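These are the residues of each chain, in order.
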Protein chains: 2
Amino acid sequence: MNHSAHTQELAHSGTAAALVRAALALFTEHGYDGTSVRAITRRAGANLGAITYHFGSKQGLYDAVIAQASGPFREQLSAAADGEGSPLDRLQQVVRAFFGHLYENPDLPRLMMQQLTGSRPIPEVTLRTMQTNIGIIASLIRQGQADGSIRDGDPRFMALSIGSQPIWLTVAQRGLREGVGIDQDDPETRARLVESIVRFVRAGLAAHPERAE
Amino acid sequence: MNHSAHTQELAHSGTAAALVRAALALFTEHGYDGTSVRAITRRAGANLGAITYHFGSKQGLYDAVIAQASGPFREQLSAAADGEGSPLDRLQQVVRAFFGHLYENPDLPRLMMQQLTGSRPIPEVTLRTMQTNIGIIASLIRQGQADGSIRDGDPRFMALSIGSQPIWLTVAQRGLREGVGIDQDDPETRARLVESIVRFVRAGLAAHPERAE
DNA sequence: AGGGATATAATACGAACGTATGAAGGGGGT
DNA sequence: ACCCCCTTCATACGTTCGTATTATATCCCT
């Protein structure tokens, strides 16, 4: 039997990787309790016992899924934060990167939300991801406050104001389409929405009113 | 048997109301699939068959729970929108009311999030609630744009920027406490956080820079 | 006071769940 | 060719699930 440090490696025999892929889709769609090991193995083309064999248990597979999905998020954001320009300009890039990554990995925010709204312990990697992302934004804000381009206020709270917008907007996508008539699957709508958020964030932070950008 | 228009009336025999109360708590905590009818009836002090009898099925009870929880939200918000003062002042009040209601009814945002991230159809009442709340905020923004106090931009998108903050911050409460060290259970922290959001929103909307409020 | 609707109770049923078990494949290394 | 280890497979076990069924209380109305 195997299922030891499977939260790291993920090439495996193909079966394990297929299980993670299938499980990511199903957990995202139906939640942990709503997804059966039979559904996962069927979708992965694997045997019913494959999850027990490779990951020890359903929970073990879930942990592996979370770890794999959360990993790249932090890197992408800190890359945007290390760019060129004034703090305000870089924050703008961070917001765009935030949206970009969430739009390309729509599973991630849904999974994170399920963890936050659920009752089981929030996985370590999720907490770290939140902490890092808030930290990145807050540190940019502090820089802007130091050079006078960003107004006063607790940088961490302001970072929450910023981060909440991409997260909620991507999580609520389905509800916004069906209930409010805003369809983020339409590229033009999405672009205008992102730019609206970017402008809102910039205006919410700036110490002085700004001419056109 | 009964279970007809039970989404409306809710006084009932006491048993039905107790079922709704117990179900609200358990659905919020563990989700729909994570909550068994046995757990609900046990907590409500009712017989196993009570859910079938009063609501027809587990899903019927869930619908009743959603309807009861979502109802008061819209009213509270539109009350704040009808207050005194400039559009910016009233928007400020709306944000405070938003937070106030979510803090007092912490089940509501978690339930709504579960619906948005889940796969089953989003209940009609939830979609209506989203629509109304966005509409209220957007209409205040339009007023402010008309009198020149609020800058240009799509009012509905700006409304999303505003609404996303109270919602996400209350839903993510547990994660923020455990992962970022921001504890909204502490009244002082909460107050400072809300005021930070209010200022952020005001700055994000205002057409002209403003002196102290 | 008695009868008919309304509510609660105890139990049964079939299906689906997560996991355990043991047997059957299937390639390298010697 | 052989063995051995890793993987896959088929199937069984015990639980728990949502709902149905049937019997017993409880209450209002004339």
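Residues numbered from 1 in each chain as written. Chains lettered and ligands numbered in written order. Predicted model: local features only at pLDDT ≥ 70, side-chain atom pairs only at ≥ 80, totals over all residues. Heavy atoms only, no water.

A. Representation of the interface of chain A and chain B in the model. With 56 residues of chain A at the contact, the number on the chain B side is 56 residues. Taken together, the two surfaces of chain A and chain B that pack against each other cover about 5,000 Å², and 64% of this comes from carbon and sulfur. On the chain A side of the contact with chain B, Phe157, Trp168 and Phe200 of chain A bury the most area, a combined 16% of that side's loss. Taken together, the connections running from chain A to chain B amount to 2 salt bridges. Our count for the contact surface shared by chain A and chain B stands at 16 residue pairs in polar contact (both at pLDDT 80 or more). Among the secondary structure elements, those contributing two or more residues to the side of chain A that touches chain B are helix 1 (15-30), helix 6 (107-117), helix 7 (124-146), helix 8 (155-171), helix 9 (173-180) and helix 10 (187-205) of chain A. Residue composition of the side of chain A that touches chain B, grouped by class: 26 nonpolar, 18 polar and 12 charged. (Contact = heavy atoms within 4.5 Å. Buried area = accessible area lost by both parts, 1.4 Å probe. Salt bridge = Lys/Arg side-chain N within 4 Å of Asp/Glu carboxyl O. Polar contact = N/O pair within 3.5 Å; in protein donor to acceptor, adjacent residues only side chain to side chain. Helix = DSSP H or I, 4+ residues; strand = E, 2+ residues; numbered from the N terminus. Nonpolar A, V, L, I, M, F, W, Y, C, P; charged D, E, K, R; others polar.)

B. Broad picture of the packing of aromatic side chains. Here the structure, examined in full by the defined rule, presents 11 aromatic pairs over all chains. With centroids separated by 6.0 Å and ring planes inclined at 45 degrees, the aromatic side chains of Phe200 of chain A and Phe200 of chain B adopt a geometry described as tilted. Remark: Phe200 of chain B occurs in helix 10 (residues 187-205) and Phe200 of chain A occurs in helix 10; the pair is interchain, linking two chains. With a relative accessible area of 1%, Phe200 of chain A lands in the buried category. Taking the centre distance of 5.6 Å and the plane angle of 25 degrees together, the rings of Phe99 of chain B and Tyr103 of chain B count as stacked. With Phe99 of chain B and Tyr103 of chain B both in helix 5 (residues 87-104), this residue pair falls 4 residues apart, about one helical turn. Both residues of the pair, Phe99 of chain B and Tyr103 of chain B, count as buried. Members of the aromatic cluster, joined through ring pairs, are Phe27, Tyr32 and Tyr62 of chain A. Lying across the ring of Tyr103 of chain B, Arg190 of chain B places its NZ or CZ 3.8 Å from the centre. (Phe/Tyr/Trp six-rings, centres within 6.5 Å; stacked < 30°, edge-to-face > 60°. Buried < 20%, exposed > 50% of the residue type's maximum accessible area, 1.4 Å probe, protein only. Lys NZ or Arg CZ within 6 Å of the ring centre and 35° of its normal.)

C. Representation of the protein's contact with DNA strand D in the model. Taken together, 14 residues lie around DNA strand D, and Thr15 and His54 of chain A together with Val37, Arg38 and Lys58 of chain B are the ones closest in. The sugar-phosphate backbone supplies 52% of the atoms of DNA strand D found within 4 Å of the protein. Here Thr15 of chain A contributes a side-chain N or O atom positioned 2.3 Å from a phosphate oxygen of DNA strand D. Thr35 of chain B places a main-chain nitrogen or oxygen 3.3 Å from a phosphate oxygen of DNA strand D. For the surface near DNA strand D, the secondary-structure elements that each account for two or more residues are helix 3 (50-55) of chain A together with helix 2 (37-44) of chain B. (Near = heavy atom within 4 Å.)

D. Summary view of the side chain of Asn133 of chain A. If you trace the backbone, Asn133 of chain A turns up in helix 7. Every residue in contact with Asn133 of chain A, bar those within four places of it in the chain, is listed here: Phe73, Arg74 and Leu77 of chain A.

E. Spatial organisation of the protein's contact with DNA strand C. Lining the immediate surroundings of DNA strand C are 16 residues, of which Val37, Arg38 and Lys58 of chain A together with Thr15 and His54 of chain B lie closest. Restricting the count to atoms of DNA strand C within 4 Å of the protein gives a sugar and phosphate share of 53%. Between DNA strand C and the protein, one listed contact pairs a phosphate oxygen with a backbone N or O atom of Thr35 of chain A at 3.4 Å. One nitrogen or oxygen atom from the side chain of Tyr53 of chain B is found 2.9 Å from a phosphate oxygen belonging to DNA strand C.

F. Looking closely at the environment of Ala46 of chain B. Residues and elements named next belong to chain B. One can find Ala46 in the loop between helix 2 and helix 3 (50-55). In sequence terms Ala46 and Gly118 are 72 residues apart; their C-alpha atoms lie 29 Å from each other. What Ala46 contacts, discounting residues up to four positions off in sequence, is Thr15, Leu19 and Thr41.

G. Up close: the relation of the copies chain A and chain B. Each copy superposes on the other: chain A lies on chain B with an RMSD of 0.1 Å after a rotation of 180 degrees and an axial shift of 0.0 Å. The superposition operator between the copies reduces to a two-fold rotation axis. For chain A, the smallest separation between a C-alpha atom and the rotation axis is recorded for Gly204 of chain A, amounting to 1.9 Å. (Least-squares fit on C-alpha atoms with pLDDT ≥ 70 in both.)

H. Looking closely at the pattern of salt bridges. Residue and element names in this part refer to chain B. For the coordinates displayed, the defined rule picks out 16 salt bridges over all chains. A salt bridge links Asp33 to Arg120; the shortest N-O distance between them is 3.6 Å. Taken together, the residues span a long stretch of sequence, with Asp33 in the loop between helix 1 (15-30) and helix 2 and Arg120 in the loop between helix 6 (107-117) and helix 7 (124-146) at a distance of 87 residues. Look at Asp33 and you get partly exposed, because its relative accessible area is 40%.

I. The confidence of the model for chain A, seen in detail. Residue and element names in this part refer to chain A. Overall, the prediction assigns chain A a mean pLDDT of 91, with 92% of residues at 70 or greater. Across chain A, the secondary-structure element scoring lowest on mean pLDDT is helix 4 (residues 58-81), at 89, and the one scoring highest is helix 2 (residues 37-44), at 98. Note on residues 4-9: pLDDT under 50 across the span, and 6 contacts to partners over four residues away in sequence or across chains. (pLDDT = per-residue confidence, 0-100.)

J. Just the side chain of Arg90 of chain A, in detail. When you line up the elements, Arg90 of chain A lands in helix 5 (residues 87-104). Buried charge without a salt bridge: Arg90 of chain A, with Asp82 of chain A as the nearest opposite-charge side chain at an N-O distance of 5.5 Å. (Lys, Arg positive; Asp, Glu negative; His and termini not counted.)

K. Quick peek at the packing of helix 7 of chain A against helix 8 of chain A. Residues and elements named next belong to chain A. Interaxial distance between helix 7 and helix 8 falls to 8 Å at its minimum, and their mutual angle equals 120 degrees. Between helix 7 and helix 8, the angle is such that the two are oblique. The hand of the helix 7/helix 8 crossing is right-handed. Contacts between helix 7 and helix 8 involve Ile134, Ile137, Ala138, Ile141, Arg142 and Gln145 from the first element and Pro155, Arg156, Met158, Ala159, Leu160 and Ile162 from the second. (Axes fitted to C-alpha atoms, helices over the stretch in contact; angles between N-to-C directions. Parallel < 35°, antiparallel > 145°, perpendicular 65-115°, else oblique. Left-handed = near helix turned anticlockwise from the far one by under 90°.)

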